[in-house]
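# Architecture at a glance
Spelled out, the chains give:
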Amino acid sequence: MKITAIDPFYLRMPDITTAADGTQDTLLVRVRTDTGLEGWGECDASPLVSLAVYCCPMSHGNIINIRTSLIGETLDAPDDVLRLSEKALRNGLDIQQIQHAYSGAEIALWDVIGQRLGEPIYRLLAEVSGTSDITHPKLPYASVLFGDTPEATYRIAVGLREQGYRAAKFGWGPMGQFGEANDIALVKAAREGMGSEAQIMIDAGVVWGSDHETAYRRAEAFAQFSPTWLEEPLAPDAIDAYGALTKRNPRVPIAAGEGSNTYRTAEDLIVHGGVQFVQIDAGRIGGIMPAFQVRQLAEQHGIQYVNHTFKSHLSLAAAIHVFATNPDFDLLEYPAAGSELSQRLVKNPFQVESDGMVRVKDLPGLGVRVDTEAIRPYLAPVRIAVGSDTVFEQESL
């Protein structure tokens, strides 16, 4: 079959705030074919910057947009997805946001191939890699922001516990902004609200930059509350600082990786940063296959792979296929408090089942369907012109 269209869609809430909430807007990508099959993917990056990568006029042989690279190409098998990824990334070699932007198209290509072959993506990945295709349930941890105060954080935690969550991650907000005592109070509130039996994770939101000394002190201070990890205490590219931190073996394990927009960046964090949990976003790193390759690297190094998903259940679908077949990677970041847009994006979201676990859908492709009717009100019209020439005009959903 032939690719006939690559359609990026910019969706947004009516009001955008400075809160660290990546669900306020998004870029979806639809891939259409001459057989009538279509697939969907989602990017986790600045939507309009990513959209430009799909349509920017060619500057030279290393700046060719994604649509030009893909439209008219043959798409019949997983090998075609790998071939097209190599082509698009090579053609966009000098486009700095190419991996972020291409993630949406790559996920959509896998969705199409899965539908064409009648197979879920996790099974296609198992065939490509020669690994088991037996899937394993994941424990969802509700991914939320800290409240503005310890008291507000406690109330959020209690609410999650009452919803049945056995694990929750609290991040960003006031963490690191008002001194050590407040940081400790926030973590204490999260623990008390979730109860002693639940897992809690702490996301510092890169607040200490390259200051690994402060990160170490906080990890030691938080240890009394038994968090599963301290996430992103340092900047994504502070590899030496991560290495210095992890070499001191803080009592709370260190997690990072969501900022990895290439396999090489993730590899650096694992090999030289020494992190014990690597967290990869398929919507940032270039799609499902590079995320799967990081999963394999984590297996080789004996560390934990975890998805980063603070977007929607479309992103969650891409994420869970990557590591559904590994029984040891049993934690799933689960978007529990996103915008109305993110909650309405798919018709068949992943449900937490009666045993408290989430399972990959044994359906062709991603296994979820975009609800175009529900999200149409969030579609923001986009038209890009250069002089009298229209470079891009957004399609209708």
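Check the entry above for the structure.
All of the points below concern the structure found in this document. Per chain, residue numbering runs from 1 following the sequence as it is written. Owing to the predicted nature of the model, reporting of local features is limited to residues with pLDDT of at least 70; listing and counting of side-chain atom pairs is limited to 80 or more, with chain, interface and lining totals taken over all residues. The side-chain figures draw on all heavy atoms in the structure; neither hydrogens nor water molecules are used.

To continue, consider the nonpolar core. Grouped together as the largest cluster of nonpolar side chains are 119 residues, with contacts concentrated most on Phe-170 and Tyr-305. Here this core gets 10 residues from one element, more than from any other, and that element is helix α4 (residues 98-117). Contacts were defined at the residue level, with two residues in contact if any of their heavy atoms lie within 4.5 Å. In this structure, Tyr-305 is in contact with Val-278, Ile-280, Ala-291, Val-294, Arg-295, Ala-298, Val-322, Phe-323 and Phe-329, ignoring residues within four places of it in sequence. For our purposes a nonpolar core is just a set of buried Ala, Val, Leu, Ile, Met, Phe, Trp, Tyr and Cys residues, chained together by side-chain atoms within 4.5 Å. Note on classification: 1.4 Å probe, protein chains only; a residue is buried when its accessible area is under 20% of the maximum for its type, exposed when over 50%, partly exposed between these limits. With 10 residues, the next largest nonpolar core counts Leu-139, Ala-167, Met-201 and Val-306 among its residues. Strands here mean DSSP runs of E at least two residues long; helices mean DSSP runs of H or I at least four residues long; both are numbered from the N terminus.

To continue, consider the state of the cysteines. Any two cysteine sulfur atoms within 2.5 Å of one another count as a disulfide. One pass over the full model with this rule turns up zero disulfides. Unpaired in this structure, Cys-43 has its nearest cysteine sulfur neighbour in Cys-55, at a distance of 13 Å. Looking at Cys-43, the relative accessible area reads 1%, which means it is buried.

The next point concerns the side chain of Gln-97. With respect to the element layout, Gln-97 can be found in the loop between α3 (78-91) and α4. Here a polar contact is recorded for every N or O atom pair within 3.5 Å, except that within protein the pair must consist of a potential hydrogen donor and a potential acceptor, and residues adjacent in sequence are included only if both atoms are side-chain atoms. At 2.8 Å, the side chain of Gln-97 forms a polar contact with the side chain of Ser-50. Every residue in contact with Gln-97, bar those within four places of it in the chain, is listed here: Ala-45, Ser-46, Val-49, Ser-50 and Val-53.

Here the focus is the packing of helix α1 (residues 47-55) against α4. Angles run from 0 to 180 degrees between N-to-C directions of axes, and those axes are lines fitted to C-alpha atoms, restricted for helices to the stretch in contact. Put simply, α1 and α4 touch, their axes get as near as 9 Å, and they point 75 degrees apart. With respect to α4, the element α1 is oriented roughly perpendicular. Facing Ser-50, Val-53 and Tyr-54 of α1, the residues of α4 in contact are Ile-98, Ala-101, Tyr-102, Gly-104 and Ala-105. Its residues assigned to classes, the contact of α1 with α4 shows six nonpolar, two polar and no charged. Orientation categories follow fixed angle ranges, with anything under 35 degrees roughly parallel, anything over 145 roughly antiparallel, 65 to 115 roughly perpendicular, and all other angles oblique. Under the scheme applied here, ten amino acids are nonpolar (Ala, Val, Leu, Ile, Met, Phe, Trp, Tyr, Cys and Pro), four are charged (Asp, Glu, Lys and Arg), and all others, including Gly, are polar.

Note on placement: Ser-260 falls in the loop between β8 (254-256) and α10 (263-271). Residues in contact with Ser-260, not counting those within four places in the same chain, are Thr-265, Ala-266, Leu-269, Ile-280, Arg-284 and Ile-285.

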